[in-house]
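Here is how the chains run, residue by residue.
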Amino acid sequence: LNKLMGVDVYSTNDQLGGPAIMYNNGISHITNNDHLSAVTSAVHWLSYVPSMRGGLLPITDVTGVDEIERPICFVPKAGVPYDPRFLLAGQEDDTGKWHGGFFDKGSFTETLAGWAKTVVVGRARLGGIPMGVIATENRTAETIKPADPADLKASEVVIQEAGGVWFPNSASKTAQAINDFRTEDLPLIIFANWRGFSGGQRDMFDEVLKYGSLIVDAFVKFTQPIFVYIPPHAEIRGGAWVVLDASINESVMEMYASVENAKGGVLEANGAASVKYRLKDILATMHRLDDKLKSLDAELQERVCETERQEVMDAIKEREQALLPVYEQISVQFCELHDTPGRMKAVGVIERAVEWKHARSYFYWRLRRKLAEFDVRKQIIETAQVGRGHAVITPVAASKMIKSWFLETNGATEALWGDDKAVLSWMAQKQEVLESKIVQLTKANVTQEVFEVMTAGGNTAKIGTAGIVEGISQAVSTMSAEEQANFKEFLKATLQL
């Protein structure tokens, strides 16, 4: 570059591609001080990932390291900024005592830490099961854009980015992390605390909406379980609710909220009140509830003289102005009641409210149940992939089929279907029954495929029938004499020849 420009602008290659550049712009996921540490980090990263695509997750034994059923000791406080990593990995106090977080002790490994610091991403283990994790940084972060030595007018720019907001870089980081976890076949949990996307002119120009849409695209492609959890004193608002809604990919996504004052809704309470509970509605509420206003309204009806009526109307106006600040606060509080976990559960946007203290235990069993359910679901979907594959079974339909099989069991109820331990126990006890049902389903799909081909009429039926017979002929030629004899007997019995 120096020769190209004819001036010695750059003094070292690190100014173009060193850790200070590549780590801070998201090209490099992790930095290390030496080669051995870098190789160790790479091997450690691989320890979270299945040995092959679609393979079993590498689950480790946490005995002696951590306990699955332990409570989460680190609890955020309302209105007090905190490091979101404490939610994930726990925290040591001044005495050296460890207050456990959501994941297994020492299992959280952060990646892309130098880039878009308003979002924290990484990998961790829950009861030994590897997971991808995304968390919101609730504190203000700095983004530094270095000055280019080739531009004499350039200067270093320091940008302050508020916590709890998606900016173009943090939205891009979120989408990239989700895609990384998808290609690694990892389940994902998101600790959500976003008030929306940054809507300033610069951020709109920097394509914040495009990067936000990439988050949705990444969710749509995801095939492993995704849990979206609103931690204590956290909230999801505005565009953040739009891109995190479980209906984006209902076959894998589930949303939960903490019992401890978590909030959720597109509009914040103040905005909802200004739209849904306007001044005329507030005044109507005053006249319906306030005894003095009701008395003045009655008095106004009795007055005939214009002078007296004006005096009463002035008194009503004065009373309204006195009550307005109080009733405005009441209207906001009323709108806040619609953002609670109880209300979110009632309208069906979350699965349930989960107490933060017991969230580790709940999601461990929920994850185990979902992984087992997804494995059976995958086998059910594969039963329809025969011949032309016209019979398509969606993941949602497959889950409903598993539920119907569960409810056929003696003593099974709708309520018991929501008990993760009970469903896991049922899958273990009824493994042979499930395998038999899947075999029957495969047989039914093959039978239907052959029937449709042979009864299609015209050339389709002729060609299809000839193809079926030819396929049987080729398969029989690979059998032993005993197998051929058994097959002929089976064919005679079935076709009644």
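Residues numbered from 1 in each chain as written. Predicted model: local features only at pLDDT ≥ 70, side-chain atom pairs only at ≥ 80, totals over all residues. Heavy atoms only, no water.

(A) The overall build of the chain, seen in detail. Of regular secondary structure, the chain possesses 21 helices and 13 strands. Relative to its length of 497 residues, the chain is extended, with a C-alpha radius of gyration of 31 Å against a globular reference of 23 Å. Principal axes of the C-alpha set define a box for the chain whose edges measure 115 × 80 × 55 Å. Long-range pairs, those at least 24 residues apart, make up 70% of the contacts in the chain with a sequence separation of at least 6. For the chain, the exposed area adds up to about 27,700 Å²; of that, 55% sits on carbon and sulfur atoms. Looking at charge distribution, the chain has the averaged site of its 52 positive side-chain charges lying 3 Å from that of its 64 negative ones. (Helix = DSSP H or I, 4+ residues; strand = E, 2+ residues; numbered from the N terminus. Rg over C-alpha atoms; globule rule 2.2 N^0.38 Å. Contact = heavy atoms within 4.5 Å. Areas by Shrake-Rupley, 256 points an atom, 1.4 Å probe, with all protein chains shown as cover. Lys, Arg positive; Asp, Glu negative; His and termini not counted. Charge placed at Lys NZ, Arg CZ, Asp CG, Glu CD.)

(B) Representation of the side chain of Asn445. By the element assignment, Asn445 lies in helix 19 (residues 431–454). A relative accessible area of 14% means that Asn445 is categorised as buried. Reaching out from Asn445, the side chain makes a polar contact with the backbone oxygen of Thr383 at a distance of 3.1 Å. (Buried < 20%, exposed > 50% of the residue type's maximum accessible area, 1.4 Å probe, protein only. Polar contact = N/O pair within 3.5 Å; in protein donor to acceptor, adjacent residues only side chain to side chain.)

(C) Region of interest: the nonpolar core. Counting residues in hydrophobic clusters, the biggest one holds 70 residues, and the most contacted among them are Phe102, Phe103, Ile134, Phe191, Leu244 and Phe363. Looking at which element gives the most residues to this core, the answer is helix 15 (residues 359–383), with eight residues. Excluding anything up to four places from it in sequence, Ile134 contacts Val119, Val120, Val121, Thr174, Ala177, Ile178, Phe181, Leu188, Ile189, Ile190, Phe191 and Trp194. Counting residues in hydrophobic clusters, the runner-up holds 16 residues, among them Val376, Val423, Trp426 and Met427. (Core = buried A, V, L, I, M, F, W, Y, C linked by side-chain atoms within 4.5 Å.)

(D) Local environment of the side chain of His29. Within the fold, His29 resides in the loop between helix 3 (19–22) and helix 4 (35–46). Leave out the neighbours within four places in its chain, and His29 touches Tyr23, Trp45, Thr111, Leu112, Ala113, Gln176 and Asp180.

(E) Quick peek at the packing of aromatic side chains. Counting across every chain of the model gives 22 aromatic pairs. Consider the rings of Phe191 and Tyr229, whose centres lie 6.2 Å apart with planes at 90 degrees: the pair is edge-to-face. In this pair, Phe191 sits in strand 8 (residues 188–191) while Tyr229 sits in strand 9 (residues 226–230), placing the two residues 38 residues apart along the sequence. In terms of burial, Phe191 and Tyr229 fall into one category: buried. (Phe/Tyr/Trp six-rings, centres within 6.5 Å; stacked < 30°, edge-to-face > 60°.)

(F) Structural detail: helix 8 (residues 208–221). Between the first and last C-alpha of helix 8 there are 21 Å, a value that for 14 residues agrees with the 20 Å anticipated at 1.5 Å per step. Of all the residues in helix 8, the buried ones are Val208, Gly212, Ile215, Ala218 and Phe219. End-on, the buried residues of helix 8 take up no more than an arc of 110 degrees, which puts them together on one face. Exposed positions of helix 8 whose direction lies more than 90 degrees from the buried face are Leu209 and Lys221. Turning to helix 8, the residues buried within the fold contact helix 6 (168–183), strand 8, helix 7 (201–205), strand 9, helix 9 (238–244) and strand 11 (253–258). (Expected span 1.5 Å × (residues − 1). Arc of directions from axis to C-beta.)

(G) How the structure looks around the pattern of salt bridges. Under the defined criterion, the tally for this structure stands at 28 salt bridges. Among the salt bridges present, the one from Arg237 reaches Glu235, with a minimum N-O distance of 3.0 Å. With respect to class, Arg237 is no different from Glu235; both count as buried. Several salt bridges share partner residues, and in doing so they unite Glu254, Arg366, Arg369, Lys370, Glu373 and Asp420 into one network. (Salt bridge = Lys/Arg side-chain N within 4 Å of Asp/Glu carboxyl O.)

(H) Just the environment of Ala257, in detail. Position of Ala257 relative to the elements: it lies in strand 11. Considering only alpha carbons, one finds Ala257 and Gly411, 154 residues apart in sequence, at a separation of 30 Å. Every residue in contact with Ala257, bar those within four places of it in the chain, is listed here: Tyr229, Ile230, Ala262, Pro341, Met344, Ile350, Arg352, Ala353 and Val354.

(I) Spatial organisation of the pairing of strand 8. What you see with strand 8 is no split at all: Leu188 and Ile190 on one side and Ile189 and Phe191 on the other are buried throughout. Two elements, strand 5 (residues 129–136) and strand 8, share four bridges in a ladder whose sense is parallel. By the bridge assignment, Ile134 is partnered in strand 8 with Ile190. Sheet topology places strand 8 next to strand 9; four bridges connect them, and they run parallel. (Pairing = 2+ DSSP bridges.)

(J) Broad picture of unusual backbone geometry. Look at Ala116: it is not a glycine, yet its phi comes out positive at around 50 degrees. Looking at where Ala116 falls in the secondary structure, it is placed in the loop between strand 3 (109–111) and strand 4 (119–126). A relative accessible area of 4% places Ala116 in the buried class. Its identity is not glycine, yet Asp185 carries a phi of approximately 60 degrees, on the positive side. By the secondary structure assignment, Asp185 is in the loop between helix 6 and strand 8.

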